[in-house]
Structure formats: C-alpha cells, structure tokens
Amino acid sequence: MSELEEHIAEIGACFAINGSFVSGEEIESGHINTTYLATYEEEGEGEFRYILQRINEHVFKDPHAVIQNVSRVTRHINRKVLRRKKDAGGQTLNLYPGRDGKISVEGPAGGVWRCYNFIEGCATYDVVENTRQAYEAGKAFGAFQDLVSDLPTDRIVETILDFHNTRARYARLMEVIEADPKGRAASVVEEISFIKEREGIVGKLLDLVETGELSERITHNDTKLNNVMIDKATDEAVCVIDLDTVMPGLPLYDFGDLVRTATSPVEEDEKDLSKVTMRMSMFEPLVEGYLATAQNFLSPLEIELLPFSGRLISLEVGIRFLTDYLEGDVYFKVQHDGHNLDRCRTQLALVKSIEDQEDEMMSFIRKVTS
Ligand code: ADP
Ligand code: GN1
Ligand code: MG
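Residues numbered from 1 in each chain as written. Chains lettered and ligands numbered in written order. Predicted model: local features only at pLDDT ≥ 70, side-chain atom pairs only at ≥ 80, totals over all residues. Heavy atoms only, no water.

Peer 1: Tell me about the coordination of the magnesium ion (ligand 3), residues and numbers included.
Peer 2: Surrounding the magnesium ion (ligand 3) are the protein donor atoms Asn 227 (OD1) and Asp 242 (OD), which sit 2.2 Å from the metal. With Asn 227 in the loop between strand S8 (217-219) and strand S9 (228-231) and Asp 242 in the loop between strand S10 (237-240) and strand S11 (247-249), the pair connects residues that are 15 residues apart, well separated along the chain. (Donors = N, O, S within 2.8 Å, 3.2 Å for Na, K, Ca; no water. Helix = DSSP H or I, 4+ residues; strand = E, 2+ residues; numbered from the N terminus.)

Peer 1: Which residues make up the site of ligand 1, and what are the values?
Peer 2: Around ligand 1, 19 residues are found, and the nearest of them are Ser 29, Asn 33, Gln 53, Ile 119 and Thr 124. Side-chain polar atom of Thr 124 to an oxygen atom of ligand 1: 2.7 Å apart, as the coordinates give it. In this structure, an oxygen atom belonging to ligand 1 sits 3.0 Å away from a side-chain N or O atom of Asn 227. Across the complex, the protein chains shield 96% of the 550 Å² of accessible surface that ligand 1 would expose by itself. Considering only residue class, the shell around ligand 1 consists of 8 nonpolar, 10 polar and 1 charged. (Near = heavy atom within 4 Å. Polar contact = N/O pair within 3.5 Å; in protein donor to acceptor, adjacent residues only side chain to side chain. Areas by Shrake-Rupley, 256 points an atom, 1.4 Å probe, with all protein chains shown as cover. Nonpolar A, V, L, I, M, F, W, Y, C, P; charged D, E, K, R; others polar.)

Peer 1: Quick one: what's the story with the domain arrangement of the protein, residue by residue and with numbers?
Peer 2: According to the domain assignment, the protein contains domain 1 (3-118) and domain 2 (131-369). A straight line from the C-alpha centre of domain 1 to that of domain 2 covers 27 Å. The interface of domain 1 with domain 2 comprises 26 residues on the first partner and 28 residues on the second. Three residues, His 31, Asn 69 and Arg 72, lead the burial of domain 1 against domain 2; their summed loss comes to 26% of the area buried on that side. In this assembly, domain 1 and domain 2 are joined by 2 salt bridges. Two residues, Arg 114 and Asp 244, come together in a salt bridge whose shortest N-O distance is 2.8 Å. (Domains from an automatic or database assignment. Contact = heavy atoms within 4.5 Å. Buried area = accessible area lost by both parts, 1.4 Å probe. Salt bridge = Lys/Arg side-chain N within 4 Å of Asp/Glu carboxyl O.)

Peer 1: Tell me about the pairing of strand S3 (residues 46-54), residues and numbers included.
Peer 2: For strand S2 (residues 34-42) and S3, the ladder comprises 9 bridges, and the chain directions are antiparallel. Residue pairing for S3: Tyr 40 is matched across the bridge by Phe 48. In this structure, S3 lies alongside strand S6 (residues 112-117), joined through 5 bridges in antiparallel fashion. By the bridge assignment, Leu 52 is partnered in S6 with Cys 115. (Pairing = 2+ DSSP bridges.)

This is the structure in structure tokens:
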C-alpha cells in the first residue's frame, strides 16, 4: 500500500464503514477541500465506495457548522426525494457518521473530516461535453433550489460571510492591489483596468436586494458544472454535490455560475484565451433546463437578469482569482506558479464574450418565456 493509501485507510477507519479497505486515491477536481475516494470490500456483498473529505479550514472558519448545514440539507432533501416515488431510484448524498456516532471526525493527522456515499456510475466534468449535459446541469440546480426552498433559514448558518457580495469582492481586490504584498500588481495592469472599467456593475444585484426588487432564498452558491454528478451512460444529472455553501443567496448567482462553467469549450485555466467563449449553443439548453425546474419560482425581473448574472459571476470569480494571485495563492489550490492568474484571465475573457452576446442571450430568454 502506498503512503497515501495508508493515510486514507487511517481516516476511513474513523468512520462507520463496513468491510475492509481495498484502495484509495485523491480526487483533484475541486479547488477547496481535500477529497479522497476509498473502496471497501464487504464479504459476500462486493465493493463499496466512499468519499472522505477534509474541510478546508482556511476557507471555512467553522468546519463543524459547515457539516451541520450539510447534514440538515441532505436530510431535508432525502426526506422529500424519498417521498416522491418516481425519484426513489435516484442517488442522493448521505453523510456516514464516525465510529463514535458524530457526523464529523477529527483526522489522525488533524483536520475535520466527513464521509459521503460515492455517487456511482457518474462523473463530473470540468468542461461540458454536449448540450444534454448543459440542459441537465441547469435542470438539476433549478430542482435543487426548489428542493431547499422550504428549509428553515434560521437553521442554516452562513458558512462564508459576503460570499457573493461582488461589491465587497471588488473592494477587497482594490485593497490588495494597494498593499501588493507579493509585488505582483505591476504585472497585471491590464487585468486591473479591465475590472475597474466594470466597477459600475458590481453592485447591481445588491442594490436590487436593498430596494426589495430581488429577494434572497436558500441557494447552492457554488454551482460549477463539476459540482453535479452526471450519469456516464445517459448524461442525466443524478445528484448535486458540494453543499458547503448552501445558504441564503440569489438564484441568479447560481445560474450565473452555470453560465460561467457550462458554456465555455475550454477549462478554467486555459492559456489560449482565443478559445474562451460563451457559446450560445450551450447557453440555450442551459436556460431551457434551468427554466424547466425554476421558472415557477423566478420573478420576471430574475428571468430578465439571467444573461447579466453570467457576466457578473464571471467577473466576480475573475476578481477572486486575481485577488488570490496578488495575495500569494492562499485561498484556491494551485498546481503551478501563475495558476490563479491564468484562471483570472479566462474569467475576464468570458465577461467580454458575454458582453458581446448579451443581446442575443436576452432575445433567446424572451423567445422561450413568451
Ligand atoms: P471542493 O469543495 O474541493 O470543490 P467537492 O465536494 O466539489 O469539493 O469534491 C471535489 C470532487 O470530488 C467533485 O468535483 C467530484 O468529482 C468528487 N466528489 C465529491 N463528492 C462526491 C460523491 N459523493 N460521489 C462521487 N464523487 C464525488
Ligand atoms: C471553488 O470548491 P469548488 O472548486 O467547487 C469556490 C467557488 C469558485 C470556484 C472557481 C467555497 O469551487 O466559489 O467559484 O472554486 N468555492 C469556494 O472555480 O470558495
Ligand atoms: Mg466542488
């Protein structure tokens, strides 16, 4: 057994998992938590797989509160989904408790860990492969928003304050540019001026919340394409994952993040920016899928703002990647020097691409909702 597998087996041993450890590996698609896949053999029953995940304590100041939230959300969803017979065959996310019965475990080498069932037969995609996946992702996150709409808000903790406060994200970037702790600001003058030219839009949704024209509800808040498990055989969306930021937000933030991650033909860290584009061919099925499950609860103003949400969230995430680059890569996991800057650049290219096509995006929305 490799050193990594020994480590994974040690963590797995803290949880109430049946059978004996067979193998383990790291899953590297997320930017935040440490995620391991562990396989166990149950005599006469076959192999069963689990996800072991360490909550990133730098990002989530209160990891126990995060797991409490997740537990509330998964129990709420399970109760509702199981009640609907037609969905009972589908897979949902479940937390497996530690051997002491608690929903989280202190790892042998530290950290707060949790264990989930592995969603079988599925994959996550960093880049959308076809229009069906785009449709299904939109539909799944709309259905998720619907499912959590009646969660009592007083039972859900805000796991990261001001998470989608784009105005605060912008202000933080300006502070970091000023302080320039790693001496990197001079090398990103173009990116900074691109962002500054768009200061006027960072507060647009927040202003509408203040005037009461938009209202918050419980949303997912991290609806990257790779946060939904998609059936490998049918491309059907099976289960929404990564529930750490489920808290009050705007449905528009969720849709915007889908536009950001499910319409471009290339990865978030693509270096050839000429390849980065918001494709109408993916936006259209994304809208259709999302409206299939969300149209009932969206207001006319929210529907009107769907294209804008893609522009805003791409800008917001671009701001966050640039901030992290300037701070010395302390938030997002990075694989190489300049990784956050590469990611920032693709986000800004997406903003531009959305701006160029916003009229067309709007016409499509009008067509399908009229
Ligand atoms: P992060 O917050 O780091 O993004 P995620 O919860 O999104 O962490 O997990 C990272 C990746 O691990 C996901 O993109 C997915 O590929 C895989 N994963 C997470 N949970 C499960 C699960 N229950 N079943 C199968 N794969 C999972
Ligand atoms: C992170 O955890 P992950 O990789 O699914 C981040 C999102 C960003 C995204 C950018 C808790 O998502 O907010 O939009 O990276 N999650 C958190 O790719 O900060
Ligand atoms: Mg994730």
